[in-house]
Amino acid sequence: SYSGALTGRKIVVTAGPTHEPIDPVRYIANRSSGKQGFAIAEALARLGAEVTLVAGPVTLPTPPAVKRVDVESAREMQAAVERALPADAAIMVAAVADWHVDAAGQKIKKQPDGTPPALALVQNPDILAGLARSARRPRLVIGFAAETNDVIAYAQAKLTSKGCDWIVANDVSGDVMGGDSNSIHLVTRDGVEDWPNLPKQAVAEQLAARIADALSEPR
Ligand code: C5P
């Protein structure tokens, strides 16, 4: 049994989308329900881990025994992840917006002639890649990759480009977004595991068990 297998381990999980403000009333965002990330945080806590869940704007309840930090933007998410360190593992499930805009302090007015405002997009920090390369890198760094096609090839490329240990590759060509089940491939340097389509809660439980196994191996 895995009961207590993560006792004493500190784990940070990101989940949900980020919202990047355009002005006080508008934002740009990625699509994410947060369900998979919240389920992972819950499963890790159930095995005894001390979990910090850095959550973008979602309406989900906080899982039992999880420390939740709510953030809005990618830059806030990165700062909250850094404050949660040191950690034994990091699971970055959030759908982080790739860009932000330099937000206006006041609501942008519509022009009478219909001319839309020009939004200059600025690249956001890659929280996962930054953490994987930092001096405070957790022992196990796990990323997610949502893809509609060439899922495994993209995931393997991402493993290298992000410098993480595992990529959970998520086939979102079907009915995954906002749904309750997930088709994943676990991509590590040793190979690829194809998991059956499972409820997000089952994906979370199996992933938590694998994380417990990995952290129990001698370094
Ligand atoms: O590059 P891409 O967005 O496809 O990578 C997805 C993975 O990288 C996810 O684990 C996501 O949480 C993480 N990510 C991040 N910061 C970003 C973009 C993605 O942590 N700015």
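Presented here is an overview of the structure given in this document. (Residues numbered from 1 in each chain as written. Predicted model: local features only at pLDDT ≥ 70, side-chain atom pairs only at ≥ 80, totals over all residues. Heavy atoms only, no water.)

### Quick notes on the sheet that holds strand β5 (residues 67-70)
For step 1, the next point in the chain: Taken together, the eight strands give an open sheet; going across it, the order is β5-β4-β1-β6-β9-β10-β12-β13, and neighbouring strands pair in mixed fashion. Of all strands in the sheet, those bounded by a partner on one side alone are β5 and β13 (191-194). Across the sheet, the mean angle from the axis of one strand to that of its neighbour is 15 degrees, orientation sign disregarded.
For step 2, the next point in the chain: Relative to strand β10 (residues 166-171), strand β9 (residues 140-147) is paired through six bridges, and the arrangement is parallel. Its bridge partner being in β10, E147 is matched across the sheet by D171.
For step 3, the next point in the chain: Packing of helix α5 (residues 200-216) onto the sheet brings it into contact with β1 (10-15), β6 (89-92), β9, β10, β12 (184-188) and β13, and relative to β9 it is tilted by some 150 degrees. (Pairing = 2+ DSSP bridges. Helix = DSSP H or I, 4+ residues; strand = E, 2+ residues; numbered from the N terminus. Axes fitted to C-alpha atoms, helices over the stretch in contact; angles between N-to-C directions. Contact = heavy atoms within 4.5 Å.)

### Some remarks on the nonpolar core
For step 1, the next point in the chain: Formed by 39 residues in total, the largest nonpolar core has its most connected members in L6, I11, V13, L44, I91 and I211.
For step 2, the next point in the chain: Going through the elements one at a time, β1, α1 (35-46), β4 (50-55), β6, β9, β10, β12 and α5 are the ones with two or more residues in this core.
For step 3, the next point in the chain: If we ignore the near neighbours within four places in the chain, the residues touching L6 are I11, L44, L47, G48, A49, A208, I211, A212 and L215.
For step 4, the next point in the chain: Among the nonpolar cores identified, the runner-up in size contains 25 residues, and I127, L128, V151 and V187 belong to it. (Core = buried A, V, L, I, M, F, W, Y, C linked by side-chain atoms within 4.5 Å. Buried < 20%, exposed > 50% of the residue type's maximum accessible area, 1.4 Å probe, protein only.)

### Observations concerning the pairing of β9
Side-chain direction in a regular strand flips from residue to residue, so the side chains alternate between the two faces of the sheet.
For step 1, the next point in the chain: Across the eight residues that make up β9, a large majority, seven, are buried.
For step 2, the next point in the chain: Where β6 lies against β9, four bridges are found, and the strand directions are parallel. Within β9, the residue paired with A90 across the bridge is V141.

### Some words on the site of the ligand
For step 1, the next point in the chain: Taken together, M92, A94, V96, P125, D126, I127, L128, G143, F144, K158 and K162 make up the full set of residues adjacent to the ligand.
For step 2, the next point in the chain: M92 places a main-chain nitrogen or oxygen 2.6 Å from an oxygen atom of the ligand.
For step 3, the next point in the chain: The separation between an oxygen atom of the ligand and a polar main-chain atom of A94 is 2.7 Å.
For step 4, the next point in the chain: Protein coverage of the free-state accessible area of the ligand, which is 440 Å², stands at 83%.
For step 5, the next point in the chain: Taken together, the residues that form the shell around the ligand break down as seven nonpolar, one polar and three charged. (Near = heavy atom within 4 Å. Polar contact = N/O pair within 3.5 Å; in protein donor to acceptor, adjacent residues only side chain to side chain. Areas by Shrake-Rupley, 256 points an atom, 1.4 Å probe, with all protein chains shown as cover. Nonpolar A, V, L, I, M, F, W, Y, C, P; charged D, E, K, R; others polar.)

### A closer look at the side chain of S73
For step 1, the next point in the chain: Relative to the assigned elements, S73 resides in the loop between β5 and α2 (74-83).
For step 2, the next point in the chain: Overall, S73 belongs to the buried group, its relative accessible area being 4%.
For step 3, the next point in the chain: Polar contacts involving the side chain of S73 include one to the main-chain amide nitrogen of E76, which spans 3.2 Å.
For step 4, the next point in the chain: When sequence neighbours within four positions are dropped, the list of residues in contact with S73 reads T18, H19 and E20.

### Quick look at the pattern of salt bridges
For step 1, the next point in the chain: Tallied over the entire structure, the rule returns 10 salt bridges.
For step 2, the next point in the chain: Of the charged contacts in the structure, one is a salt bridge between E42 and R46, with a shortest N-O distance of 3.3 Å. In this pair, E42 and R46 both sit in helix α1, four residues apart, roughly one turn of the helix.
For step 3, the next point in the chain: The exposure class assigned to E42 is partly exposed, which follows from its relative accessible area of 30%.
For step 4, the next point in the chain: Note that E205 and R46 form a salt bridge whose closest N and O atoms lie 3.4 Å from each other. With E205 in helix α5 and R46 in helix α1, the pair connects residues that are 159 residues apart, well separated along the chain.
For step 5, the next point in the chain: For E205, a relative accessible area of 35% puts it in the partly exposed group.
For step 6, the next point in the chain: Exposure remark for R46: the relative accessible area of 47% places this residue in the partly exposed category. (Salt bridge = Lys/Arg side-chain N within 4 Å of Asp/Glu carboxyl O.)

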